[in-house]
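Understanding the architecture of this molecule
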Amino acid sequence: ELPVMFSEENGGSFDFERWNVHRSAGRYGRLLIGILFGVTTRRIGVTVSLLVAFSGMVDVYSNMARASSMMPEVELPLTPFE
């Protein structure tokens, strides 16, 4: 039985050179780049960015409210996360 190859190069099978490229530790760097700039990251990027921005604004407001007694302190319920 021949090994499975996901591209049609070389008739769809591994040779020794392709196997060495596949099993090298450098492939993890290539996979990491694919994760950071892949389709899934682009799909959730806007949502994650908005969540990070909101969290940052809550932190800034919390620090300002702690420093000034004129601003009310706001607490968000953690009920959905408990």
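Structure report, in brief. All values reported here derive from a predicted model rather than from experimental measurement.

What counts, and where the lines are drawn
- Residues numbered from 1 in each chain as written.
- Predicted model: local features only at pLDDT ≥ 70, side-chain atom pairs only at ≥ 80, totals over all residues.
- Heavy atoms only, no water.
- Helix = DSSP H or I, 4+ residues; strand = E, 2+ residues; numbered from the N terminus.
- Areas by Shrake-Rupley, 256 points an atom, 1.4 Å probe, with all protein chains shown as cover.
- Patch = residues over 30% accessible without salt bridge, like charges linked within 9 Å, V, L, I, M, F, W, Y side chains within 5 Å.
- Salt bridge = Lys/Arg side-chain N within 4 Å of Asp/Glu carboxyl O.
- Buried < 20%, exposed > 50% of the residue type's maximum accessible area, 1.4 Å probe, protein only.

**What about the overall build of the protein?**
When helices and strands are tallied, the protein shows three helices and zero strands. Reading the secondary structure of the protein in the N-to-C direction produces α-α-α. On the protein, roughly 7,800 Å² of surface is accessible, and the fraction owed to carbon and sulfur atoms is 65%.

**Quick word on a nonpolar patch on the surface**
Taken together, the side chains of L32, I33, I35, L36 and F37 make up a nonpolar region of the molecular surface, amounting to roughly 560 Å² of accessible area. Inspection of the secondary structure assignment puts L32 in helix 2 (residues 26–36). On the accessibility criterion, L32 (48% relative accessible area) is partly exposed.

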